[in-house]
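These are the residues of each chain, in order.
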Amino acid sequence: MKAKLVFCFALVLSGVLAGYFVAAEPESANRNGFRWGEIAGGFQMATSLDESNGIVHCRIRNATTNEMDYPSFDFGYFVNIHLEIREATNWTKLLVGVFPGDRSASGGCPYLLKRSKPGQIITDTYVRDRDKPWPVWNHEDYLKWSPGNTNEALLTESLNKRLAARKALLTKLCHDDTFAFDLIWEKALSDLSGQHSVEARVSQKFRMNKEKTGTLYSPVFILDGSLIQTYIKQNRDLFGK
């Protein structure tokens with residue numbers, strides 16, 4: 001039964017889850033302000049690091065003076081976006097939690113267009129349209145899920161309440177973002193354990209039209225080593241490990 005619970009929860013977890021300024025040198029990201037990257041295909045991306053909550057807010061905007069169509073499926077879809085860490089001359093992509101985190105794509109990757117006004121930050125996306133609150137059960141439901149093992153039911157209930165609270169926080173803090181990275185949800189930062197600091201950036205691949213693709217990059221920012229250690233610990237606390 002314990003193996004069944006772990007497998008079922010793994011399935012649930014897998015489904016949940018743009019000023020024109022370009023920094024000349026990497027700097028600490030201001031959690032109260034956004035710094036904008038270079039323009040690609042008429043769009044521009046900015047990021048802001050919320051250090052206290054372990055969130056990288058990401059916003060994409062129409063960087064032109066005209067109305068433009070934008071690919072509503074591509075922007076914010078987890079396959080197209082990455083948190084990248086500089087290692088010497090290369091960039092390594094980390095698997096971090098994406099919010100909103102819908103990972104389903106019925107019929108592949110449809111080319112869906114919506115209209116944006118000059119300067120508009122894109123928040124109306126395919127993924128956001130499908131985002132739902134984290135399911136919260138009654139105490140009796142956990143007991144039914146794990147009959148005869150009250151302790152296991154209580155542990156599962158406690159875990160689910162922590163995950164629901166984290167999802168609710170992300171929903172509250174990220175409502176004005178195109179998407180966000182949750183540095184606490186996944187264990188990817190464990191690979192950076194022991195490092196004093198790292199240079200990071202966000203990338204977003206998207207279709208400019210049906211034949212041509214482009215990539216938006218945020219300015220490079222610094223993830224301090226002490227923050228990395230804090231987020232690693234908070235991940236363990238979140239999942240009870």
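None of the values given here were measured: they were computed from a predicted structure.

**Brief notes about the confidence of the model for the protein**
On average, residues of the protein carry a pLDDT of 84, and 84% of them reach 70 or more. Within the protein, the lowest mean pLDDT, 40, falls on helix α1 (residues 2-15), and the highest, 98, falls on strand β4 (residues 55-62).

**Comments concerning the sheet that holds strand β10 (residues 179-182)**
Two modes of strand pairing occur in sheets, parallel and antiparallel, and in both the strands are linked by backbone hydrogen bonds. As summarised here, the arrangement of the five strands in space is β2-β3-β4-β10-β8, forming an open sheet in which the pairing is antiparallel. Two strands in the sheet have a free side with no partner beyond their single neighbour: β2 (35-36) and β8 (97-99). Taken together, the four bridges between β4 and β10 define a ladder with antiparallel strand orientation. Bridge assignment links C58 to a residue of β10, and that residue is F179. Across the sheet, helix α4 (residues 150-173) is in contact with β3 (43-50), β4, β8 and β10; its angle to β4 comes to roughly 35 degrees.

**Looking at helix α5 (residues 225-239)**
With 15 residues, α5 should cover 21 Å at 1.5 Å per step; its first-to-last C-alpha distance of 22 Å lies within 8% of that length. For α5, the complete set of buried residues consists of G225, L227, I228, Y231, I232, N235, L238 and F239. Viewed end-on, α5 has its buried residues packed into an arc of 155 degrees, placing them on one side of the element. Following α5 by one or two positions, G240 adopts a phi angle in the positive range, close to 70 degrees.

**Some thoughts on the pairing of β3**
In terms of burial, β3 is a largely internal element, eight of the eight residues being buried. Alternating residues of β3 divide into F43, M45, T47 and L49 and Q44, A46, S48 and D50, and every residue in both groups is buried. In the sheet, β2 pairs with β3 via two bridges, with the strands oriented antiparallel. Within β3, the position partnered with W36 by the bridge is A46. As paired strands, β3 and β4 are joined by eight bridges and run antiparallel to one another. Across the sheet, the residue bridging to M45 is I60, located in β4.

Here is what the cut-offs are and how they apply
Residue positions within a chain follow its written sequence, with the count starting from 1. Reporting of local features is limited, given that this is a predicted model, to residues whose pLDDT is at least 70; pairs of side-chain atoms are given and counted only at 80 or more, and all residues count toward the totals for whole chains, interfaces and linings. Hydrogens and water are ignored here; the side-chain numbers use all heavy atoms of the structure. Confidence of the predictor at the level of single residues is captured by pLDDT, which takes values from 0 to 100. Each helix is a run of H or I in the DSSP string that is no shorter than four residues. Each strand is a run of E no shorter than two, and both are numbered from the N terminus. Being paired, for any two strands, means DSSP has found at least two bridges between them. Should any heavy atoms of two residues lie within 4.5 Å, those residues are considered in contact. Axis lines are fitted to C-alpha atoms, over the contacting stretch for helices. Their N-to-C directions set the angle, which ranges from 0 to 180 degrees. A helix's residues, less one, multiplied by 1.5 Å, set its expected span. Burial status follows relative accessibility: with a 1.4 Å probe on protein chains alone, a residue under 20% of its type maximum counts as buried, one over 50% as exposed, and anything between as partly exposed. The arc under discussion is defined with respect to the helix axis, by the directions toward the C-beta atoms.

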